[in-house]
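What follows is the residue order along each chain.
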Amino acid sequence: MNVHLDEAYWIGLLISVVLPVLVGLVTTRVTHPGIKGVLLLALSTANGFLVELANPGPDYDLQTAIVLSLVAFGTGVLTHFGLWKPAGISARAQAVGAKTSAPTVV
């Protein structure tokens with residue numbers, strides 16, 4: 001059995017690995033985890049539908065786009081808890097742009 005995946009699918013898979021870091025960049029540490037999950041789901045859904053749109057196949061397949069969205073979400077959740085969070089990258093992504101509570105001098 002010879003499996004061939006187009007370039008669009010590989011790019012979509014790489015994007016789904018990076019999506020949890022992107023969610024960390026646009027949210028703060030005090031953002032409810034449910035909101036982060038919904039944001040990851042929305043970005044994964046957009047990723048799946050755009051990958052199917054970019055696929056050079058003969059036509060657009062809605063079922064494939066839905067499967068790609070679910071795979072992107074699953075990959076995002078797994079890489080968040082299995083790679084980014086243990087490595088500390090999630091915490092560093094959320095610390096980007098955080099304001100420090102340094103005293104102000106008048």
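Residues numbered from 1 in each chain as written. Predicted model: local features only at pLDDT ≥ 70, side-chain atom pairs only at ≥ 80, totals over all residues. Heavy atoms only, no water.

A.B. asks: What is the right way to read a nonpolar patch on the surface from this model?
C.D. replies: Taken together, Met 1, Val 3, Leu 5, Trp 10, Leu 13, Val 67 and Val 71 make up a surface patch of nonpolar side chains, about 760 Å² in accessible area. For the nonpolar patch, the secondary-structure elements that each account for two or more residues are α1 (7-26) and α3 (62-87). Note that Val 67 resides in helix α3. Given the relative accessible area of 48%, Val 67 is considered partly exposed. (Patch = residues over 30% accessible without salt bridge, like charges linked within 9 Å, V, L, I, M, F, W, Y side chains within 5 Å. Areas by Shrake-Rupley, 256 points an atom, 1.4 Å probe, with all protein chains shown as cover. Salt bridge = Lys/Arg side-chain N within 4 Å of Asp/Glu carboxyl O. Helix = DSSP H or I, 4+ residues; strand = E, 2+ residues; numbered from the N terminus. Buried < 20%, exposed > 50% of the residue type's maximum accessible area, 1.4 Å probe, protein only.)

A.B. asks: Quick question: what am I supposed to make of α1 here?
C.D. replies: Counting along an α-helix, one turn takes 3.6 residues, and residues three or four places apart therefore face a common direction. Counted at 1.5 Å a residue, the expected span for α1 with its 20 residues is 28 Å, and the 28 Å between its end C-alpha atoms agrees. Along α1, the sharpest kink reaches roughly 40 degrees, centred on Val 18 and followed within four residues by the proline Pro 20. What α1 keeps buried is the set Ala 8, Tyr 9, Gly 12, Ser 16, Leu 19, Pro 20, Val 21, Val 23 and Gly 24. The elements touched by buried residues of α1 are α2 (33-54), α3 and α4 (89-95). (Expected span 1.5 Å × (residues − 1). Bend = angle between axes of the 7 residues up to and from the residue. Contact = heavy atoms within 4.5 Å.)

A.B. asks: How do you make sense of the environment of Leu 50 when you look at a structure like this?
C.D. replies: When you line up the elements, Leu 50 lands in helix α2. Along the chain, Leu 50 and Ser 69 lie 19 residues apart, while their C-alpha atoms are 9.5 Å from each other.

A.B. asks: Is there a simple way to think about the side chain of Asn 47 in this case?
C.D. replies: Within the secondary structure, Asn 47 sits in helix α2. Residues in contact with Asn 47, not counting those within four places in the same chain, are Gly 12, Ile 15, Ser 16, Leu 19 and Ala 72.

A.B. asks: Would you mind showing me how to read the packing of α2 against α3 here?
C.D. replies: Helices that pack against each other are described as a pair by the angle of their axes relative to one another and the distance between those axes. Orientation of α2 relative to α3, taken along the N-to-C sense of each, is 140 degrees, at an axis distance of 7 Å. Between α2 and α3, the angle is such that the two are oblique. Here α2 and α3 pass one another in a crossing that is right-handed. The residues of α3 that touch α2, namely those facing Gly 37, Leu 40, Leu 41, Ser 44, Thr 45, Asn 47, Gly 48, Phe 49, Val 51 and Glu 52, are Leu 62, Thr 64, Ala 65, Ile 66, Leu 68, Ser 69, Ala 72, Phe 73, Gly 76 and Val 77. Taken together, the residues that form the contact of α2 with α3 break down as eleven nonpolar, eight polar and one charged. (Axes fitted to C-alpha atoms, helices over the stretch in contact; angles between N-to-C directions. Parallel < 35°, antiparallel > 145°, perpendicular 65-115°, else oblique. Left-handed = near helix turned anticlockwise from the far one by under 90°. Nonpolar A, V, L, I, M, F, W, Y, C, P; charged D, E, K, R; others polar.)

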